[in-house]
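Fold and contact review
Listed here are the chains, written in short residue letters.
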Amino acid sequence: QTVVTQEPSFSVSPGGTVTLTCGLSSGSVSTNYYPSWYQVTPGQPPRTLIYNTNIRSSGVPNRFSGSILGNKAALTIAGAQAEDECDYYCVLYMHPAIAVFGGGTKLTVL
Amino acid sequence: QVHLVQSGAEVKKPGASVKVSCKASGYNFNNFGITWVRQAPGQGLQWMGWINLYNGNKDYTQKFRGRVTMTADTSATTAYMELESLRSDDTAVYYCARDVRGDDPRFDNWGQGTLVTVSS
């Protein structure tokens, strides 16, 4: 069974730029997987950030952007802020109907 | 404005079943799907499956097939997720989300979550 992979943790300095990735245990991620990204803070439901690779959801600051980098989907945060410290999850659509979450990345801003 | 409001916290014994509801408002319920996601304590998000309210089709991830049933009452614009044969590792917060398919698939609005605790 194919697994969606993410870095377990990442660190960025305030104001810095960080790129989180979303890959496959077997194969390459392309736009055909319609990658999306969700932000999770403790005690809150997930927040939709990016969908269909690079479309920013309504109200999401433009410091968040999505792309395909090499064989992975990527979420870039440019000018990280303290409030960006939380967990980030990607979703890939493996089948027209089946969605799979990655394991999540815990982002620290310090 | 899209709103998804879930039922309250539940405490169940191992082997029992739980049924979580998700009341939708602010949009045409039949034009979208409802997806269900859970997060166990200290764990990541896990997609359980979805129900397509346009045609009634359902898809469940392999892990939950045979134990989960997703239904909807379109007249009440409410979706339901029932999980049977509960185990302690089913303790989690369960979320519903509006599921958009087509050219820009995404989960674009979320319920507040329902904590299900399985304990003897």
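Let us look at the structure shown here. Note that the structure is a prediction, hence the values are computed from the model and not measured.

1. Regarding the overall build of chain B
Check the secondary structure of chain B and you find zero helices and eleven strands. Secondary structure elements of chain B occur, N-terminal to C-terminal, as β-β-β-β-β-β-β-β-β-β-β. Scaling as 2.2 N^0.38, a compact globule of 120 residues should have a C-alpha radius of gyration of about 14 Å, and chain B matches this with 14 Å. On the principal axes, the C-alpha backbone points of chain B span a range of 40 × 25 × 25 Å. Buried positions account for 48% of the 120 residues belonging to chain B. Long-range contacts, defined here as pairs at least 24 residues apart, represent 52% of the contacts in chain B between residues at least 6 apart. Counting every atom, chain B has about 5,400 Å² of accessible surface; 44% of that belongs to carbon and sulfur. Between the centroid of the 13 positive side chains of chain B and the centroid of its 11 negative side chains there is a distance of 5 Å.

2. Section: the overall build of chain A
Across its full length, chain A carries zero helices and eleven strands. Ordered by position from the N terminus, the helices and strands of chain A form the series β-β-β-β-β-β-β-β-β-β-β. On C-alpha atoms alone, chain A measures out to a radius of gyration of 13 Å, which is about the 13 Å that the 2.2 N^0.38 rule sets for 110 residues. Overall size of chain A, expressed as C-alpha extent along the three principal axes, is 35 × 25 × 25 Å. Within chain A, the proportion of its 110 residues that are buried is 48%.

3. Digging into the pairing of strand 1 (residues 3-6) of chain B
Note on strand geometry: in a regular strand, side chains alternate between the two faces of the sheet. Residue and element names in this part refer to chain B. In strand 1, alternate side chains face the same way, and those of Leu4 and Gln6 are buried while those of His3 and Val5 on the opposite face are not. By the bridge criterion, four bridges tie strand 1 to strand 3 (residues 18-25) in an arrangement that is antiparallel. Across the sheet, histidine 3 pairs through a bridge with serine 25, a residue of strand 3.

4. Section: the environment of glycine 49 of chain B
Residue and element names in this part refer to chain B. Positionally, glycine 49 belongs in strand 5 (residues 45-52). Spatially, the C-alpha atoms of glycine 49 and valine 68 are 8.8 Å apart, while their sequence positions differ by 19 residues. The contact partners of glycine 49, leaving out residues within four places of it in the chain, are Ile34, Thr35, Trp36, Asp59, Tyr60, Thr61 and Met70.

5. Describing the sheet that holds strand 1 (residues 4-6) of chain A
Residue and element names in this part refer to chain A. The strand order across the open sheet formed by four strands is 1-3-8-7, and the pairing between neighbours is antiparallel. Each end of this open sheet is capped by a strand with a single partner; those strands are strand 1 and strand 7 (64-69). Going from strand to strand, the sheet's axes swing by 25° on average, the running direction of each strand aside. Where strand 7 and strand 8 (residues 72-78) come together, six bridges link them in antiparallel fashion. Across the sheet, serine 67 pairs through a bridge with alanine 74, a residue of strand 8.

6. Examining the state of the cysteines
All names here are of chain A. In the structure shown here, the tally under the stated rule is two disulfides over all chains. Each sulfur of the disulfide joining cysteine 22 and cysteine 90 lies 2.1 Å from the other. Here the disulfide of cysteine 22 and cysteine 90 is right-handed, its torsion about the S-S bond being about 75°. One end of the pair, cysteine 22, is in strand 3 (residues 17-24); the other, cysteine 90, is in strand 9 (residues 87-93), and 68 residues separate them in sequence.

Rules of the game
Residues numbered from 1 in each chain as written. Chains lettered and ligands numbered in written order. Predicted model: local features only at pLDDT ≥ 70, side-chain atom pairs only at ≥ 80, totals over all residues. Heavy atoms only, no water. Helix = DSSP H or I, 4+ residues; strand = E, 2+ residues; numbered from the N terminus. Rg over C-alpha atoms; globule rule 2.2 N^0.38 Å. Buried < 20%, exposed > 50% of the residue type's maximum accessible area, 1.4 Å probe, protein only. Contact = heavy atoms within 4.5 Å. Areas by Shrake-Rupley, 256 points an atom, 1.4 Å probe, with all protein chains shown as cover. Lys, Arg positive; Asp, Glu negative; His and termini not counted. Charge placed at Lys NZ, Arg CZ, Asp CG, Glu CD. Pairing = 2+ DSSP bridges. Axes fitted to C-alpha atoms, helices over the stretch in contact; angles between N-to-C directions. Disulfide = S-S within 2.5 Å.

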